[in-house]
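Listed below, chain by chain, are the residues.
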Amino acid sequence: MNVLATAPVVLPMAVDEPMARTSDIALVVTMSILALSMLAYTGYLAAADGRRFGTAGQFLAWAGTAALIVTIATRGLSVSRAPLGNMYEFALAAAGFAMLGFSLWSAVRDTRWLGLFVVGPVLLVLGAAATAWWTEASQLMPSLQSSWLVIHVTVATLSIGVFILGFALAVLFLLKRRREESGGSWGPAFLDRVPGVDRLDKFTYSAHIIGFPLWTFTLVAGAIWAERSWGRYWGWDPKEVWTFVIWVVYAAYLHARATAGWTRHAVWLAIAGFVCIIINYAIVNVYFVGYHSYSGM
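All of these numbers come straight from a predicted model, not from anything done at the bench.

K.L.:
Let's hear about a nonpolar patch on the surface: which residues, and what values?
P.N.:
Taken together, the side chains of Y233, W234, W236, F244 and V248 make up a nonpolar region of the molecular surface, amounting to roughly 560 Å² of accessible area. For W236, the location among the structural elements is in the loop between α7 (197-230) and α8 (238-257). Classification of W236 by relative accessible area gives exposed; the value is 64%.

This is the structure:
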């Protein structure tokens, strides 16, 4: 008997086009809500008594987070898989984790002072996703149909979501430190509503203490998946190299942060790490050819 002739043919599942369109519409709604949230947070920082603006910004941030979750969920439902298969979906997931983390934090602490610096970068990510990285909903190629895709990419997007928060805190730390060193004569007045440099330093460090182990797992999981797919753990692929560069820079930040005499300047390494993430995602993914090129990731 010819086994191949009698074996069932497994065809890729069709894309649910209405669900895919729902996801695209939900993204527009998400960006509209977050744009209003950003304006409200700006009003909170600019107005003499901006508490109402801050409260409105917070509620809009929660609503935008919910809309973003709907965007991601409907994208996944449209293709009956985890929505982690290309740059567009990766960007949505990373932005979603950043907003979810911020929303959960804001539910237990007053984080209105941070809202503009989180929602702003998230909007930039979503804007790039909607314009430069958008792709039609489609099924994955066979080489990407692996449980390791979900494991590796989910943790990668989670870690980048945390690093977005860490980056926002690092920038605020530098601005606040400069204002305090000048005796309040430098910088915009809204910095007076931001916590002191010691608290900002602790917040920045805490974010990276969470993000770094997640990125370490991303690096290890990627190596394991590479061995399963290509028969080697490491091949000096551009994507692998930059993933390791990011790991080294963040490791240097954590080491410098704990080293006497370097604590004051360590935050610049945290910012450099996020710049490396941008280079890895927006430049290496697009312009460098390697083992990862076929996946769009």
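K.L.:
Which residues make up the pattern of salt bridges, and what values do they have?
P.N.:
Side chains bearing opposite charge may pair, as long as their charged atoms lie close to each other. The final tally for this structure, using the stated rule, is eight salt bridges. The closest approach of N and O atoms between E89 and R75, which form a salt bridge, is 2.8 Å. Taken together, the positions of E89 in helix α4 (residues 87-108) and R75 in helix α3 (residues 51-79) put the pair 14 residues apart, joining distant regions of the chain. Relative accessible area serves as the criterion here: at 1%, E89 is assigned to the buried category. The salt bridge partner of E240 is R232, with a shortest N-O separation of 3.0 Å. Side by side, E240 and R232 carry an identical accessibility label, which is buried. Through salt bridges with shared partners, a single network forms among R75, R81 and E89.

K.L.:
I'd love a proper account of the layout of surface pockets, names of residues and values included.
P.N.:
The gaps of empty space that remain are located by a probe, the size of a water molecule, rolled over the atoms. The calculated volume of the largest pocket comes to roughly 310 Å³. Surrounding the largest pocket, 16 residues form its lining, V125, W133, F274, I278 and Y281 being those nearest its centre. For the lining of the largest pocket, the elements supplying multiple residues, two or more each, are α4, α5 (112-131), α6 (147-181) and α9 (267-287). Counting contributing residues, the lining of the largest pocket receives three or more from each of domain 1 (16-139) and domain 2 (140-296). A volume near 240 Å³ is recorded for the second largest pocket. Taken together, F97, G101, W105, L158, G161, V162, L165, L169, F203, S206, A207 and I210 form the lining of the second largest pocket. Listed by contribution, the elements that provide at least two residues to the lining of the second largest pocket are α4, α6 and α7. Sorting elements by how many residues they give to the lining of the second largest pocket places α6 first, with five residues. A class-by-class count of the residues in the lining of the second largest pocket yields nine nonpolar, three polar and no charged. Lining the lining of the second largest pocket are residues from two domains, each supplying at least three of them: domain 1 (16-139) and domain 2 (140-296).

K.L.:
Which residues make up the confidence of the model for the chain, and what values go with them?
P.N.:
Of all residues in the chain, 92% attain a pLDDT of 70 or more, and the chain-wide mean is 91. Of the regions scoring below 50 in pLDDT, residues 1-11 engages in one contact with residues more than four places distant in sequence or in other chains.

K.L.:
Tell me what's going on with the UniProt feature "transmembrane region" (unreviewed entry) in the chain, and back it up with residues and numbers.
P.N.:
The feature "transmembrane region" (unreviewed entry), as annotated in UniProt, sits at residues 26-47, 59-78, 90-108, 113-135, 147-175, 203-226, 241-260 and 267-288 in this numbering. The straight-line gap between the two end C-alpha atoms of residues 147-175 is 43 Å; of that span, 100% is helix and 0% is strand. Helix makes up 95% of residues 267-288 and strand makes up 0%, while its end C-alpha atoms are separated by 29 Å.

K.L.:
Lay out the side chain of R257 with the relevant residues and their values.
P.N.:
With respect to the helices and strands, the residue R257 is situated in helix α8. Excluding residues that lie within four positions of it along the chain, R257 makes contacts with D201, K202, Y205, T263 and A266.

K.L.:
Outline the domain arrangement of the chain, listing residues and values.
P.N.:
Taken domain by domain, the chain comprises domain 1 (16-139) and domain 2 (140-296). When each unit is reduced to the centre of its C-alpha atoms, the spacing between domain 1 and domain 2 is 20 Å. Contacts between the two partners involve 31 residues from domain 1, matched on the other side by 31 residues from domain 2. Connecting domain 1 to domain 2 are four residue pairs in polar contact (both at pLDDT 80 or more). Elements supplying a minimum of two residues to the side of domain 1 that touches domain 2: α2 (17-46), α4 and α5. Tallied by class, the residues present in the side of domain 1 that touches domain 2 amount to 22 nonpolar, six polar and three charged.

Cut-offs used in this document
- Residues numbered from 1 in each chain as written.
- Predicted model: local features only at pLDDT ≥ 70, side-chain atom pairs only at ≥ 80, totals over all residues.
- Heavy atoms only, no water.
- Patch = residues over 30% accessible without salt bridge, like charges linked within 9 Å, V, L, I, M, F, W, Y side chains within 5 Å.
- Areas by Shrake-Rupley, 256 points an atom, 1.4 Å probe, with all protein chains shown as cover.
- Salt bridge = Lys/Arg side-chain N within 4 Å of Asp/Glu carboxyl O.
- Helix = DSSP H or I, 4+ residues; strand = E, 2+ residues; numbered from the N terminus.
- Buried < 20%, exposed > 50% of the residue type's maximum accessible area, 1.4 Å probe, protein only.
- 1 Å grid on protein atoms, 1.4 Å probe; cavity = no way out; pocket = protein on both sides within 12 Å on 5 of 7 lines; lining within 4 Å.
- Points joined across faces, edges and corners; volume = space filled by probe spheres on them.
- Domains from an automatic or database assignment.
- Nonpolar A, V, L, I, M, F, W, Y, C, P; charged D, E, K, R; others polar.
- pLDDT = per-residue confidence, 0-100.
- Contact = heavy atoms within 4.5 Å.
- UniProt positions renumbered as here; feature names shortened; annotations may be inferred.
- Polar contact = N/O pair within 3.5 Å; in protein donor to acceptor, adjacent residues only side chain to side chain.

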